[in-house]
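# Remarks on the overall topology
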Amino acid sequence: MADDDINSVAPGEGDIDLATLSDDDLVQQMFDDLYDGLSDEVSQGVDILLARGWEPYGVLTKALVEGMRIVGVDFRDGILFVPEVLLAANAMKAGMAILRPLLAETGAPSPGRIVIGTVKGDIHDIGKNLVGMMLEGAGFEVFDLGINVAAEDFLAALEEHRADILGMSALLTTTMPYMKTVVEALEEKGLRSDFIVLVGGAPLNEAFAEHVGADAYCRDAAMAVEIASNFMSRRQGSAQAQMAAQA
Ligand code: B1M
């Protein structure tokens, strides 16, 4: 968007004119706008920062990801609830829609690639969508296979997208055992150790995650982001150590 276009978005009475704010104040305002789920304002903030010469990756990490981190913390601490987080995630998506093609051009680093879906027989997707959006907010590349996903489709997508992580969701006691079927399918193909397997959903717990052979159980979306980020840091750390040992 050109400067003229940005300035032509006239603020209403009592509104803040984002274009008049300094970079620091604008970023702080974008944190507030994300928190309040204001998609138009977040998009406008992204446009303004880009027009001021910010790199897309800087806008992503310093404005959007940091803003979503604050949302994630308050969600974890019970200050924000599902509807508010979904609104914030939608505002984040609006900003991401502007940045995604620019990031693809500039090749911004991503902490990892995750294939996620709700397992076969299960159509619950609100929590899974929230997890996907929060992971995207943390910079992950998320490939969401939707609901009712069969083992062979998970496996095909992991290969197609060269994913690091498999994330599975289940909300029914009758569908959660299917997670084991997916893990066993990975084992049968000798692929289990290629992927970090994370599972979540209201009826699950840590013991169940262990039982199905997952790497970790994620209680909520904020934990999913934290756990996925930790696994990726460890994985990148051990890859670097291996390279150093070979050098
Ligand atoms: Co259904 N349903 N439902 N339902 N539904 C439950 C799950 C149920 C507990 C309600 C109840 O009876 N009290 C019950 C399951 C009982 C059981 O299995 N023991 C149930 C049932 C029985 C059913 C049907 C069978 C009802 C019927 O038709 N007779 C049917 C099943 C259809 C099917 O799937 N085959 C059904 C249908 C539906 C609706 C379509 C009406 C709707 C789903 C709409 C949708 O998702 N688009 C629905 C809903 C909304 C619910 C409840 C009320 C809410 C679920 C939800 O969205 N929670 C639910 C009761 C409940 O859980 N209180 C219920 C909010 C969401 C943010 O939380 O999904 O837990 P959650 O996700 C969290 C974490 O778990 C975690 O992070 C998320 C965000 O913090 N997480 C992950 C989740 N997935 C993750 C994946 C990860 C990481 C973390 O990967 C890395």
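Each remark here, short or long, concerns the structure printed above.
Given the structure is predicted, the values throughout are model-derived calculations rather than measurements.

### What to know about the overall build of the protein
Per the secondary structure count, the protein includes 10 helices and five strands. The buried share of the protein, taken over its 247 residues, is 47%. Put simply, of all contacts in the protein between residues at least 6 apart along the chain, 71% involve residues at least 24 apart. Of the roughly 12300 Å² of accessible surface on the protein, a fraction of 52% belongs to carbon and sulfur atoms. The average position of the 16 basic charges and that of the 40 acidic charges among the side chains of the protein differ by 10 Å.

### Some remarks on the coordination of the cobalt atom of the ligand
Of the protein atoms, H124 (NE2) alone serves as a donor to the cobalt atom of the ligand, at 2.2 Å. Summarising the element assignment, H124 is placed in the loop between β1 (113-118) and α6 (126-137).

### Notes on the site of the ligand
Residues in contact with the ligand amount to 25 residues; listed here are only the nearest, I123, H124, D125, S169 and T173. Between the ligand and G201 there is a distance of 3.4 Å, counted from an oxygen atom to a backbone nitrogen or oxygen. Interatomic distance of 3.3 Å between a backbone N/O atom of A202 and an oxygen atom of the ligand. Going through the elements one at a time, α6, β3 (165-169) and β4 (196-200) are the ones with two or more residues in the shell around the ligand. Per element, the largest residue contribution to the shell around the ligand is four residues, and it comes from α6. Taken together, the residues of the shell around the ligand sort by class into 13 nonpolar, eight polar and four charged.

What counts and what doesn't
- Residues numbered from 1 in each chain as written.
- Predicted model: local features only at pLDDT ≥ 70, side-chain atom pairs only at ≥ 80, totals over all residues.
- Heavy atoms only, no water.
- Helix = DSSP H or I, 4+ residues; strand = E, 2+ residues; numbered from the N terminus.
- Buried < 20%, exposed > 50% of the residue type's maximum accessible area, 1.4 Å probe, protein only.
- Contact = heavy atoms within 4.5 Å.
- Areas by Shrake-Rupley, 256 points an atom, 1.4 Å probe, with all protein chains shown as cover.
- Lys, Arg positive; Asp, Glu negative; His and termini not counted.
- Charge placed at Lys NZ, Arg CZ, Asp CG, Glu CD.
- Donors = N, O, S within 2.8 Å, 3.2 Å for Na, K, Ca; no water.
- Near = heavy atom within 4 Å.
- Polar contact = N/O pair within 3.5 Å; in protein donor to acceptor, adjacent residues only side chain to side chain.
- Nonpolar A, V, L, I, M, F, W, Y, C, P; charged D, E, K, R; others polar.

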